[in-house]
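Fold and contact review
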Amino acid sequence: MIDGDTRVLVQGITGRHGSFHTKLMLEYGTNVVAGVTPGKGGQEVHGVPVYDTVEEAVEETGAEASVVFVPAPAAPDAVMEAIEAGLDPIVVITEHIPAHDTMRFVELARWEGIRIIGPNTPGLIVPPERTKLGIMPHHVFTEGEVAVASRSGTLTYEIVQSMTEAGIGQSLCVGLGGDQIVGTTFIDFLEYVREDRRTEAVVLIGEIGGNAEELAAEYIVETDFPKPVVAYIAGRHAPPGKRMGHAGAIIERGAGTAESKIRALRRAGADVAEKPWEVPELLREYL
Amino acid sequence: MIRLLEYQAKRLLREQGVPIPEGDLARTPEEAARIAERIDGPVVVKAQVPVGARGKAGGVLFADDPREAREAAERLLGSKIRGEVVKQVLVEERVDIEEEWYVSITLDRAERVPVLLVSREGGVDIEEVPDERIARTHVDPVLGLRGFEARRTALEAEIPRRHAPALERVALALYRVFNEYDAHLVEVNPLVLTRDGELVAVDAVVNLDEDAAYLRHPEFAEKTEDFPFVELDGNIGIIANGAGLTMATIDLVKDLGGEPANFLDVGGGADPTLIKRAILRVAELDVDVILINIFGGITRCDEVAKGVVSVLEDVDIPLVVRLVGTNEEEGQRILREHGIEAFTDLEEAVKKAVELAG
C-alpha cells in the first residue's frame, strides 16, 4: 500500500494539528513532500512547501498519497480534490464529517479504484518502512510480524504498546475510523494482509455498533483466512441505545452488541481477549 | 443522531409532496378539541415524543368527537411516554385503511450506500417482518434514487402493479428529504392505502446526522455537551480520550469489581480548558473517585496535565491519573510538581481507582 519512499501530501498542513503532525511524521521518517492550504501557497511548514491546490502540489512534487487534516466543513471538498488528482491512499483524519458527505466521496473513490482510510481515523503506520500517514504516536510501535486494524485510535495505542513491551512488533497498523461510514473495513484489511509477506498474525480491535466484526468473522470462515486472528472488542458494558463517543458506536434495536461480535469471531476461530493486555499473550502462541 | 418529532417529520414529507392526514399540533386540550371540531370526524391523538413504539406505550389514543379528543389530550399532555414528557399532541383525522405498507431510506453501514426498503407488511415494527417480505435496493449516493429503481422495488415487494407509480413518487420524496436534510433514516410506517385508493403517510420517522445538523441545518441542531457524555449508575467517574479507550476503561473498571458512573470522552486534541470542564462535569455526579485515562496521540499529555492541575483547588474528589503517549514526560513532570504521581500502567490505575471507590 505504502512504503518509505511514498511521496506524501498533507492537506490542511498549516493548521494546528496539520503542522504538529507533519513534524512528527517527518521525524519518524515519512517522506512528506508537500502540503496544501488554499490561500497559503508559497509558505513552508517544517521545510515542506505549501501549495494552493492539490493539482499544483502533485505537479511540483510528484505527491502520491494524502493525509487530510482539513476541518469538517471543508474536508469533503479536500478529499474530492485528492481523488481528482489520483492520490492513493487518502487518509482522512478529520472528525465530524457528515455521513452523507463520506458516502459520496467513498463512492467516488470506489469508481476511481482509490483507497480511502477513515474518516475519523488516526491513520496508517508501517513500522518496517518507518513511515506513517497520520497521528499515531510512533514511539509505541516497533517493527514486527503482526498486522493490526482498529475502529478506535487510542485503544489501538494501548494494545500496540502492550505488544511492543512484550517484544511483539507490527508489520502494519490501520485505524479504520470511528464513524458510521468508513472507506476501509475489516474485510478490506483482511484481504490486503492475507497476501502480505511480512504479516504472520492479525489483530482486530472492534467496538459496539454496526456489524463490521460479524462480517469480518464471515469472511474469515468463507475464505479460509490463512493467518491466526486475535481480537479485542470494546463496549461489553455499554448501555443499549446510547452513542458511546464514536458516531458508529451504538447498540441499536439489539444489534451491534459486543457479545454478538465476540461470539461471531470466536466461532470463526479467532481468539478474543477480555482485557487489552491479554492480546500479546494470545499472540505469543502463534509467533 | 437527532430524532425529529412525528409532526416535524411529516412537515418535511409534505413539503416534498407526500400526502399526510389532515390535522394539527395541539399544546392544550382546548386546542385538541378545536382541531377535532374542524376535522369533523373520528380522530387520533398522538403524543409527540422522540421515541419509538408509542402506541404500545399508551401514547396514541382514539377519539370519536371533540369532547373525547379533549379528554385524550388531557391524559397525554404532561404524562411521560418511555421517560419523555409529552408537551404536544398531534390531532389527525383517522383514515380508512385498505392496506398498510412500509417504506424507508436508511444508511447501509456495511455497503456504505443508502438503501431503499419496501414491504407490503407495514404497520408493525419492521424488525418483526420476515426478511423475504422486504424488498431492498441499494442506491448510488452520487446519482441518488432513480424512479425505475423505486418502481422495481415496489414490484419486488408485491405492491399491486397499479399502485407502483404512486409508491415511486413517495419513495422519491423520501429520498429528497433523506438527501436534503442529511438523514440517517426517513421512514413511513405505515404508508396506508386508503379505501379510496390513495396513499397516505400515517406515521413517519426522520433521524438526522448530528454533524450535518450542526453544519447545515441549525434549525434542528440540538445543544450538545462539549464532549460525548453518558451517565451510568456507579461511583467511579471516568474520563478518557477516544471512544474505544473510554469504553475499554469502563469494561476494565467493571471487570475489576468497580462501578463506572459515566462515559466521558474528551476526544482528540483536548486542551487544558476542555480537561478542566470534563473534570468539573464528572465532579457534579455523586462519585468517590475520578479515573482519568489518557493515551496521547493527537492529544498532548502536557496539555492534559495543565488541565488537571487547574482544577485541584475546585475539586476535592480523589483523582487517579494514567498518562502516556505524546509529550508524556512533560505531562508527568507537571503533575508531579503538583503532588500527583501519574500511573503509566493501565491495570494499576484501574485497580487504584476501584480500591479508592471502596
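Keep in mind it's a predicted model, so treat the numbers as computed, not measured. (Residues numbered from 1 in each chain as written. Chains lettered and ligands numbered in written order. Predicted model: local features only at pLDDT ≥ 70, side-chain atom pairs only at ≥ 80, totals over all residues. Heavy atoms only, no water.)

Quick notes on the overall build of chain A
Note the following rule: Comment: elements are numbered from the N terminus, with helices defined as DSSP H or I runs of at least four residues and strands as E runs of at least two. A radius of gyration in this sense is built from C-alpha atoms; the matching globule rule multiplies 2.2 Å by the number of residues raised to 0.38. Exposure is judged per residue with a 1.4 Å probe applied to protein chains only, and the accessible area is read against the type maximum: over 50% gives exposed, under 20% gives buried, and values in between give partly exposed. Contacts are assigned to residue pairs that have any heavy atoms within 4.5 Å of one another.
Looking only at helices and strands, chain A features nine helices and 14 strands. Here the C-alpha radius of gyration of chain A, 18 Å, is about what a compact globule of 287 residues would show, namely 19 Å. Dimensions of chain A, computed from C-alpha atoms along their principal axes, come out at roughly 55 × 40 × 30 Å. Counting over 287 residues, chain A shows a buried share of 62%. Contacts spanning at least 24 positions in sequence make up 71% of the contacts within chain A whose residues lie at least 6 apart.

Looking at unusual backbone geometry
A cis geometry characterises the amide bond from Gly118(A) onward to Pro119(A), with omega recorded as 10 degrees. Tracing the sequence through the fold places Pro119(A) in the loop between β7 (116-117) and β8 (123-126). Cis geometry is found at the peptide bond from Asn189(B) to Pro190(B), where omega equals 5 degrees. Residue position: Pro190(B) is located in strand β11 (residues 183-194). Backbone geometry places His96(A), a non-glycine residue, at a positive phi of 70 degrees.

Digging into the interface of chain B and chain A
Condition: Buried area is calculated as the accessible area (1.4 Å probe) missing from two parts once they are joined, with the contributions of both summed. We define a salt bridge as a contact between a side-chain nitrogen of Lys or Arg and a carboxyl oxygen of Asp or Glu at a distance within 4 Å. In protein, a polar contact means a hydrogen-donor-capable atom and an acceptor-capable atom, both N or O and within 3.5 Å, with residues adjacent in sequence counting only if both atoms are side-chain atoms; elsewhere, any N or O pair within 3.5 Å suffices.
At the interface, 60 residues of chain B touch 64 residues of chain A. For the pairing of chain B and chain A, the buried interface totals around 5,000 Å² over both sides, and the portion due to carbon and sulfur atoms is 60%. Summed over the three residues of chain B that lose the most area to chain A, namely Arg109(B), Arg112(B) and Phe295(B), the buried surface amounts to 18% of that side. At the boundary of chain B and chain A, one finds four salt bridges. In this structure, Asp255(B) and Arg236(A) form a salt bridge, with 2.6 Å as the shortest nitrogen-oxygen distance. Between the two partners, chain B and chain A, sit 18 residue pairs in polar contact (both at pLDDT 80 or more). A total of 10 residues in the side of chain B that touches chain A trace back to one element, the largest contributor, which is helix α7 (residues 243-255) of chain B.

Brief notes about the packing of aromatic side chains
Selection criterion: The pairing test for Phe, Tyr and Trp rings, Trp by its six-membered ring, is centres within 6.5 Å, and the orientation test on the planes gives stacked under 30 degrees, edge-to-face over 60, and tilted for anything in between. Whether a charge sits over a ring depends on NZ of Lys or CZ of Arg being within 6 Å of the ring centre and within 35 degrees of the ring normal.
Scanning the entire structure with this criterion turns up four aromatic pairs over all chains. A centroid spacing of 6.0 Å and a plane angle of 75 degrees characterise the contact between Tyr181(B) and Phe220(B), whose relative ring orientation is edge-to-face. With a gap of 39 residues between them, Tyr181(B) in the loop between α5 (164-180) and β11 and Phe220(B) in the loop between α6 (210-216) and β14 (229-231) connect regions that are remote in the sequence. For the pair formed by Tyr181(B) and Phe220(B), the shared burial category is buried. In this structure, Arg281(B) packs its charged tip against the face of Phe229(B), placed 4.0 Å from the ring centre. Above the plane of the ring of Phe20(A) lies Arg300(B), whose end atom (NZ or CZ) is 4.0 Å from the centre.

So, the sheet that holds strand β4 (residues 60-63) of chain B
In sheet architecture, strand pairing relies on hydrogen bonds along the backbone and comes in two forms, parallel and antiparallel. Residues and elements named next belong to chain B. Short version of the rule: Pairing between strands requires that DSSP locate at least two bridges from one strand to the other. Here an axis means a line fitted to C-alpha atoms, over the contact stretch when the element is a helix, while the angle between two N-to-C directions is reported on a 0 to 180 degree scale.
The strand order across the open sheet built from four strands is β2-β7-β3-β4, with neighbouring strands paired in antiparallel fashion. Edge positions in the sheet fall to β2 (23-26) and β4, since each has one partner strand and no second. Going across the sheet, the axis of each strand differs from the next one's by a mean of 20 degrees, ignoring polarity. Both strand β3 (residues 43-47) and strand β7 (residues 89-93) contribute to a ladder of five bridges, which runs antiparallel. Counted as the bridge partner of Val-43 is Glu-93 from β7. Sheet strands touched by helix α2 (residues 29-39): β2, β3 and β7. Its angle to β2, the strand with the most contacts, is close to 170 degrees. Along the sheet, helix α3 (residues 66-76) makes contact with β3, β4 and β7, crossing β3 at roughly 10 degrees.

Comments concerning the packing of helix α7 (residues 212-222) of chain A against helix α8 (residues 258-267) of chain A
All names here are of chain A. For the record, the criterion: If an angle is under 35 degrees, it is roughly parallel; if it is over 145, roughly antiparallel; if it lies from 65 to 115, roughly perpendicular; otherwise it is oblique. Think of it as three bins: nonpolar holds Ala, Val, Leu, Ile, Met, Phe, Trp, Tyr, Cys and Pro, charged holds Asp, Glu, Lys and Arg, and polar takes everything else, Gly as well.
Packing of α7 against α8 leaves a shortest axis separation of 8 Å and a crossing angle of 10 degrees. Of the possible angle classes, the one that applies to α7 and α8 is roughly parallel. In contact with Ala-212, Glu-213, Glu-214 and Ala-217 of α7, α8 contributes Ser-260, Lys-261, Ala-264 and Leu-265. Grouping the amino acids of the contact of α7 with α8 by side-chain chemistry returns four nonpolar, one polar and three charged.

Comments concerning a negative patch on the surface
All names here are of chain A. Just so we agree on the cut-off: The patch calculation keeps residues exceeding 30% relative accessible area without a salt bridge and links them within 9 Å when they carry like charges or within 5 Å when they are nonpolar (Val, Leu, Ile, Met, Phe, Trp, Tyr). Computed with a 1.4 Å probe, the accessible areas rest on the Shrake-Rupley method; for each residue, only the protein chains presented here act as cover. The positive count covers Lys and Arg only, the negative count covers Asp and Glu only, and His and the chain ends enter neither. Charge placement uses NZ in Lys and CZ in Arg. For Asp and Glu, CG and CD serve respectively.
On the surface, Asp-52, Glu-55, Glu-56, Glu-59, Glu-60, Glu-84 and Glu-112 cluster together into a patch of negative charge. Sort the elements by how many residues they give to the negative patch and helix α2 (residues 54-61) lands first, with four residues. Structurally, Glu-59 is set in helix α2.

Regarding the environment of Glu15(B)
All names here are of chain B. Mapping Glu-15 onto the fold places it in helix α1 (residues 6-15). Under the relative-accessibility criterion, Glu-15 is labelled exposed at 56%. Separated by 158 residues in the primary sequence, Glu-15 and Ala-173 have C-alpha atoms spaced 8.9 Å apart.

Let's talk about the nonpolar core
Put simply, the rule is: As used in this record, nonpolar core signifies buried Ala, Val, Leu, Ile, Met, Phe, Trp, Tyr and Cys residues forming a set joined through side-chain atoms within 4.5 Å.
By size, the foremost hydrophobic cluster in this structure holds 100 residues, and its most contacted members are Phe189(A) and Leu204(A). Residue contributions to this core peak at seven residues, all from α7(B). Excluding anything up to four places from it in sequence, Phe189(A) contacts Ala147(A), Val148(A), Ala149(A), Leu172(A), Val174(A), Val202(A) and Leu204(A). Membership of the second largest hydrophobic core comes to 46 residues, among which are Leu13(B), Leu145(B), Ile159(B) and Ala201(B).

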